[in-house]
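Here are the chains, one letter per residue:
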Amino acid sequence: MSTLWKTVKSFMRQYSSLIPKKNRLDFISDDGGRTYNTCYFGSNLEIGSLNFFRSSAYLRFFEYLDRTGGFFYE
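First, a word on scope: everything that follows refers to the structure included in this document.

Calculation criteria
Residues numbered from 1 in each chain as written. Predicted model: local features only at pLDDT ≥ 70, side-chain atom pairs only at ≥ 80, totals over all residues. Heavy atoms only, no water. Helix = DSSP H or I, 4+ residues; strand = E, 2+ residues; numbered from the N terminus. Buried < 20%, exposed > 50% of the residue type's maximum accessible area, 1.4 Å probe, protein only. Polar contact = N/O pair within 3.5 Å; in protein donor to acceptor, adjacent residues only side chain to side chain. Contact = heavy atoms within 4.5 Å.

1. A short note on the side chain of S29
Okay, step 1: Topologically, S29 is positioned in the loop between α2 (25-28) and α3 (50-53).
Okay, step 2: S29 sits in the buried class, given a relative accessible area of 3%.
Okay, step 3: At a separation of 2.6 Å, a polar atom in the side chain of S29 contacts the main-chain carbonyl oxygen of T35.
Okay, step 4: Each residue touching S29, except ones within four places of it in the same chain, is listed here: R34, T35 and N37.

Below is the structure:
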């Protein structure tokens, strides 16, 4: 996860305006986002809001991950 977390942190720095002030960063990081605490969700069934996955902020995040290639190696 180290490559992906570095990429996510890079996105958060570059697109800080897309990061909601009320977020759950404390759930996945124990030190304010410096490191990833390896917490993750794994399931064969996931339920999500299509409005969220189609939002411009999420699409920009996904495209960023896609361009950097980081999440294909995790």
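Having put the structure on the table, let's press on.
2. Brief notes about the environment of I19
Okay, step 1: With respect to the helices and strands, the residue I19 is situated in the loop between α1 (2-14) and α2.
Okay, step 2: When the C-alpha positions of I19 and A57 are compared, they lie 8.5 Å apart, and in sequence the two are 38 residues distant.
Okay, step 3: Beyond its immediate stretch of four places on either side in the chain, I19 contacts F11 and M12.

Interpretation in functional terms is not warranted from these geometric data alone.
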